[in-house]
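If you want the building blocks of each chain, they are given just below.
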Amino acid sequence: MNRGNIALFVPHVGCPCRCSFCDQRAITGGALPPTPAQVWEAAQAGADRWGERVSQMEIAFFGGSFTAIPRETMMALLEPAKKAVERWGYHGIRCSTRPDAVDEEILALLKECHTTAVELGAQSMDEEVLRLNHRGHSAEDTRRAAGLIKEAGLELGLQMMTGLYDSTPKKDLETARQLIALEPETARIYPTVVLEHTELAELYRSGAYKPQTLEEAVELCGELLPLFENAGVKVIRMGLHAQEDVERRKVAGPYHPAFRELVESRVFLQRLEETLKKEGPVRYCVKVNPRSLSVAVGQKRANVEELCRRGWRVRFVPEKGVPREGFVLERVEID
């Protein structure tokens, strides 16, 4: 089920390493973690806004290594979230953390506070990539932590990055396959963006690191998205959230405020062209769900223009009865 969340960011606190790519100030939009009072206020505001739909919402602690922060701080933040779940009927609590900051004791504490999902920032399953980017954990740590989370009966989420220092598309695809093998319920895919005040920025300026272009990231993620979805893993995020600080501190790399739509448009184009090749070189009306029209057409009509360049004449038409992920072809003459 697709759930929304009340996102609370806990930047840097608890992180034992400074990863090559990390500038949490830009990613989270602030340098200070929330106070317990702010957690309660955010949960109350969410309950007021969502009403009965709050049962499909989660209170989420993102942005850092939640289970690695000082225990007293972690519990102080969890306590108001726990009370909010009990008072307003939130679905539960979600948190993200490092693979090497998960054990049975931590998971038991999280469950007592109504935590229902834990996301692991795996980022890569290649040991050399992990080492060179100063992650401070191993691929085995990710496998071990994922197993513990599932044994505890919690929803497992896994996060990966593409285009890290020393990585390649082949390594990223292998990371995706290894993460899928851990049977997570959800995944997040983040192309690496070079931010100011990071080691990657220094490596980039020295010429030692070449980030992915936007086109390269879209092409690779166009392979990764179906890989996860065909395995039954819901990809709940692709690309960094659109943030003013990210746009201001971006040095290089494939940042785009609508990155997921670019990827979904690419995947749609590939699927449509596979079908068109079977049908033959004629003109088509392509019916799509109204909510998928922008994905089908592509940003700035990119898919329409690309299909035309490849010799296909198509017109996209919204049709309510078409499934969100599908399309219906009709051979027609297009004026």
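Overview of the structure. From a predicted model like this one, the values you see are computed outputs, not experimental measurements.

### Structural notes on helix H4 (residues 104–112)
For the α-helix, the turn length of 3.6 residues means that residues three or four positions removed from each other point alike. Considered for burial, the residues of H4 that qualify are Ile-106, Leu-107, Leu-109 and Leu-110. The arc enclosing the buried residues of H4, seen along the axis, measures out at 160°, which places them on a common side. Turned more than 90 degrees from where H4 packs its buried face, Glu-104 and Glu-112 sit exposed. At the N-terminal boundary of H4, the capping side chain belongs to Asp-103, with an oxygen 3.2 Å from the backbone nitrogen of Glu-105.

### Examining the sheet that holds strand S5 (residues 155–162)
Spatially, 7 strands are ordered S1-S2-S3-S4-S5-S6-S8 in an open sheet, and the strand pairing comes out parallel. Each edge of the open sheet carries a strand with a single partner, namely strand S1 (4–9) and strand S8 (234–238). Each adjacent strand pair in this sheet contributes to an overall mean axis angle of 20°, direction not counted. As paired elements, strand S3 (residues 92–97) and strand S4 (residues 115–123) share 5 bridges and run parallel to each other. Bridging from a neighbouring strand, Cys-95 pairs with Val-118 of S4. Of the strands in this sheet, S4 and S5 are in contact with helix H7 (residues 169–181), which crosses S5 at around 175°.

### Topic: the sheet that holds strand S10 (residues 284–288)
Taken in spatial order, the 3 strands line up as S11-S10-S12 in an open sheet, and their pairing is mixed. Bordering the open sheet on either side are strand S11 (314–318) and strand S12 (328–331), each of which pairs with just one other strand. With strand direction ignored, the average angle separating the axes of adjacent strands in the sheet is 25°. With 4 bridges connecting them, S10 and S12 associate as antiparallel partners. Looking across to S12, one finds that Lys-287 is bridged to Val-328. Across the face of the sheet, helix H11 (residues 259–279) comes into contact with S10, S11 and S12 while running at roughly 40° to S12.

### Description of the packing of aromatic side chains
Considering all chains together, one arrives at 5 aromatic pairs under this definition. Where Tyr-165 meets Tyr-209, the ring centres are 6.2 Å apart and the plane angle is 85°; that geometry is what we call edge-to-face. On the criterion of sequence distance, the pair formed by Tyr-165 in the loop between S5 and H7 and Tyr-209 in the loop between helix H8 (199–206) and helix H9 (214–230) is long-range, its members being 44 residues apart. According to the relative accessible area criterion, Tyr-209 is buried, its value standing at 5%. Pairing Phe-268 with Phe-316 gives two aromatic rings, centres 6.1 Å apart and planes at 55°, and the pair type is tilted. Taken as a pair, Phe-268 in helix H11 and Phe-316 in strand S11 lie far apart in primary sequence, 48 residues in all. By relative accessible area, which is 6% here, Phe-268 ends up buried. The rings of Phe-268, Phe-316 and Phe-327 are connected pair by pair, giving a single aromatic cluster.

Rules used throughout
- Residues numbered from 1 in each chain as written.
- Predicted model: local features only at pLDDT ≥ 70, side-chain atom pairs only at ≥ 80, totals over all residues.
- Heavy atoms only, no water.
- Buried < 20%, exposed > 50% of the residue type's maximum accessible area, 1.4 Å probe, protein only.
- Helix = DSSP H or I, 4+ residues; strand = E, 2+ residues; numbered from the N terminus.
- Arc of directions from axis to C-beta.
- Polar contact = N/O pair within 3.5 Å; in protein donor to acceptor, adjacent residues only side chain to side chain.
- Pairing = 2+ DSSP bridges.
- Axes fitted to C-alpha atoms, helices over the stretch in contact; angles between N-to-C directions.
- Contact = heavy atoms within 4.5 Å.
- Phe/Tyr/Trp six-rings, centres within 6.5 Å; stacked < 30°, edge-to-face > 60°.

So far we have only geometry, and geometry alone does not tell us how the molecule works.
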